[in-house]
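Fold and geometry: a report
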Amino acid sequence: VSTAARPLMDDAGRLTGAVVVFSDVTGLVEAIAANQELVSNVSHEFRSPLNSILGNVDLALEDSDGMSAVAVQRLEVVQRNSERLLALVSDLTLEASSALKVHPKRTDISGLVETSIGSAQAQAERSSVALVADVPSPLWAYADPLRIGQALDNLVSNAIKYSPDGGTVTISASGTREWVRLAVQDTGMGMAPEDAAKVFSRFFRAKSARDAAIPGAGLGLSITKTILERHGGAIACHSALGGGSTFTMTLPVESAG
Ligand code: ADP
């Protein structure tokens, strides 16, 4: 049931009563849930054929010795677009799961940073971006390793994606006894401050990214923000057009409960 209330005033501004409206929104809630389930199921079904396409293209490219340069280029286009589609499907799957659940526990964040750098290595090498981690080990926080790993992967892959060739992405840590702060900083294209304030909104894309024709759906950061909020943490973005960006995640060290 959804409720709305409004006070009733007389001409002199005195409170004389109130109107309260109760509406049954069961149908609406059910419709939203059905919609999310559909998106979630469809995204899930897309995943296996896409993985198969990507796996076979990767294998063909590994074995491309006898192929002409044009054929290799075409396969690389298929590879790039399959990767984009797979990333979009992952974002959609997560976005549709309104019950994006987190299961926080005492977690060494430095291990997650290492894993994230490992998975971003190939993407970084393709655009000659250097990945630097300056994080003490161990670095304890109260975090769901799977979800915070996803959040980190997202920030690191964005940092590479929005950096020109030869840039540097640095992951650093700071904190207090209560909070761990993890910053992902890049030397990339950045964005105007008014855009930086909106990057966590669903489907928002900064003008700098659109002007540079860098593909994306504008979903990753909204999911990342949800992940941090479900931990009782936060995420912030500082950026300057042409001057790189820094995304800072804050996580609790101990359970709040
Ligand atoms: P996507 O990258 O798929 O568009 P995101 O939600 O991850 O979606 O990011 C939203 C927008 O924020 C991007 O489209 C881009 O404009 C901007 N953005 C994110 N990360 C960076 C970054 N490191 N440098 C510059 N712009 C960024």
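See the structure printed just above.
Just so it is clear, the model here is predicted, and its values are computed rather than measured.

1. Considerations on the overall build of the chain
- In terms of regular secondary structure, the chain is built from seven helices and nine strands.
- Going through the 257 residues of the chain one by one, you find that 37% of them count as buried.
- In the chain, of all internal contacts separated by at least 6 residues, the share reaching a separation of at least 24 is 67%.
- With the model as given, the accessible surface of the chain reaches about 15000 Å², and the carbon-plus-sulfur share is 55%.
- One way to put it: in the chain the 21 positive side-chain charges average out to a point 5 Å from where the 28 negative ones average out.

2. Points about the site of the ligand
- For the ligand, the set of nearby residues contains 20 residues, the closest of which are Tyr162, Asp186, Arg205, Ala206 and Leu221.
- Between the ligand and the protein, one listed contact pairs an oxygen atom with a backbone N or O atom of Ala217 at 3.0 Å.
- Measuring from a nitrogen atom of the ligand, one finds a side-chain N or O atom of Ser245 at 3.2 Å.
- Summarising the interface, the protein chains cover 98% of the accessible area of the ligand, which totals 540 Å² for the free molecule.
- Of the residues belonging to the shell around the ligand, the class tally is eleven nonpolar, six polar and three charged.

3. A few points about the nonpolar core
- Ranked by size, the top nonpolar core spans 42 residues in total, and within it Ile109 and Leu182 carry the most contacts.
- Listed by contribution, the elements that provide at least two residues to this core are helix H3 (109–126), strand S5 (140–143), helix H4 (145–161), strand S6 (168–175), strand S7 (179–186), helix H7 (220–230), strand S8 (234–239) and strand S9 (245–252).
- Considering each element in turn, this core owes the most residues, seven residues, to H4.
- If we skip the residues at most four places from it in the chain, Ile109 touches Leu139, Ala141, Ala143, Ile148, Leu182 and Leu251.

About the thresholds
- Residues numbered from 1 in each chain as written.
- Predicted model: local features only at pLDDT ≥ 70, side-chain atom pairs only at ≥ 80, totals over all residues.
- Heavy atoms only, no water.
- Helix = DSSP H or I, 4+ residues; strand = E, 2+ residues; numbered from the N terminus.
- Buried < 20%, exposed > 50% of the residue type's maximum accessible area, 1.4 Å probe, protein only.
- Contact = heavy atoms within 4.5 Å.
- Areas by Shrake-Rupley, 256 points an atom, 1.4 Å probe, with all protein chains shown as cover.
- Lys, Arg positive; Asp, Glu negative; His and termini not counted.
- Charge placed at Lys NZ, Arg CZ, Asp CG, Glu CD.
- Near = heavy atom within 4 Å.
- Polar contact = N/O pair within 3.5 Å; in protein donor to acceptor, adjacent residues only side chain to side chain.
- Nonpolar A, V, L, I, M, F, W, Y, C, P; charged D, E, K, R; others polar.
- Core = buried A, V, L, I, M, F, W, Y, C linked by side-chain atoms within 4.5 Å.

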